[in-house]
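Here's the letter readout for the chains.
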Amino acid sequence: VVASVGVTIKKGLDSFIEFENQMNTVYTLLPDITEDAMSKMEQQVKDLSTEMGVLPEEIIPALYQSLSASIPEKNVFDFLEVAQKGAIAGMSSTETSVDALVAVINSYRMEADEAEDVSDILFTTIKNGITSMDELGHSLSNVTPVASDLGVSFGDVGAQLATITSGGTPTAQATTQMRQGLLELSKEGTKTSELFKELSGKSFRDF
């Protein structure tokens, strides 16, 4: 019995040390954070962990990732809640869900509180196509910067990805194809851009 208690205490101590070490890594991104703010953030991690039914060890790396991707500290836990719900529904990790959301939010220069709208489009894409949150998280950055620059909405990107992947094209290949297609459409003098101009009466950028 004594040995069992000792093992339990050691596991609890090891878990506490790991939690503190991980949080200290997060604090390197917040050099001006106060002791009170640290305590509040640690409690928010624990609360979100309990609410979502995951270990803090999964939340903390996603917290670090979100802050390093310029999600504001004041919005970061609302953002993480959306990401975690997405991870659960998409049978993925919180970090992967953060990857997908950040790829869109940063490319389209959105506010962090638009994450839920982005998440809805991601799930519509998954539902209507043959793709997953993991695949989108690793591939969206292939196309979103170009699409944003050309004024193509993320809703349209998601709809096109659903169409292409439902035909059997892997997600990574589909995003690369979309990127190349958009570049061809927007570049003056290509056959694709000239055909578009002929059919629409204006360049793709103007359109």
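Everything numeric in this text was worked out from a predicted model, so none of it was measured.

### Focus: the packing of helix α2 (residues 35-52) against helix α3 (residues 56-68)
Viewed as axis vectors pointing N to C, α2 and α3 meet at an angle of 125 degrees, and their least axial separation amounts to 9 Å. Judged on the interaxial angle alone, α3 and α2 are oblique. In terms of crossing hand, the pair formed by α2 and α3 is right-handed. Where α2 abuts α3, its residues M41, V45, L48 and S49 lie against P56, I59, I60 and L63. Within the contact of α2 with α3, the residues separate by chemical class into seven nonpolar, one polar and no charged.

### Details of a negative patch on the surface
Residues D78, E111, D113, E116, D117 and D120 make up a contiguous surface patch of negative charge. With three residues, helix α6 (residues 115-128) is the single largest residue contributor to the negative patch. In this structure D113 comes out as exposed when scored by relative accessible area, which is 63%.

### Some remarks on the nonpolar core
Burial of nonpolar side chains together is a common tendency in soluble globular proteins. Counting 55 residues, the largest nonpolar core has L63, L80, L122, L140 and V157 as the members making the most contacts within it. Element by element, the count of residues in this core is highest for helix α5 (residues 94-107), at seven residues. Each residue touching V157, except ones within four places of it in the same chain, is listed here: Y108, V143, A147, V152 and M178.

### Considerations on the confidence of the model for the protein chain
Averaged over the protein chain, the pLDDT score is 90; the fraction of residues at 70 or greater is 93%. Across the protein chain, element-level confidence peaks in helix α9 (residues 154-166) with a mean pLDDT of 97 and bottoms out in helix α1 (residues 2-27) with 72.

### Let's talk about the side chain of S66
Relative to the assigned elements, S66 resides in helix α3. If near-sequence neighbours (up to four positions away) are discounted, S66 is found in contact with I71, V76, F79, L80 and V98.

### A closer look at the pattern of salt bridges
Summed over all chains, the structure comprises two salt bridges. Two residues, E81 and K85, come together in a salt bridge whose shortest N-O distance is 3.4 Å. Of this pair, E81 and K85 both sit in helix α4 (residues 76-89), four residues apart, which is roughly one turn of the helix.

What counts, and where the lines are drawn
Residues numbered from 1 in each chain as written. Predicted model: local features only at pLDDT ≥ 70, side-chain atom pairs only at ≥ 80, totals over all residues. Heavy atoms only, no water. Axes fitted to C-alpha atoms, helices over the stretch in contact; angles between N-to-C directions. Helix = DSSP H or I, 4+ residues; strand = E, 2+ residues; numbered from the N terminus. Parallel < 35°, antiparallel > 145°, perpendicular 65-115°, else oblique. Left-handed = near helix turned anticlockwise from the far one by under 90°. Contact = heavy atoms within 4.5 Å. Nonpolar A, V, L, I, M, F, W, Y, C, P; charged D, E, K, R; others polar. Patch = residues over 30% accessible without salt bridge, like charges linked within 9 Å, V, L, I, M, F, W, Y side chains within 5 Å. Areas by Shrake-Rupley, 256 points an atom, 1.4 Å probe, with all protein chains shown as cover. Salt bridge = Lys/Arg side-chain N within 4 Å of Asp/Glu carboxyl O. Lys, Arg positive; Asp, Glu negative; His and termini not counted. Charge placed at Lys NZ, Arg CZ, Asp CG, Glu CD. Buried < 20%, exposed > 50% of the residue type's maximum accessible area, 1.4 Å probe, protein only. Core = buried A, V, L, I, M, F, W, Y, C linked by side-chain atoms within 4.5 Å. pLDDT = per-residue confidence, 0-100.

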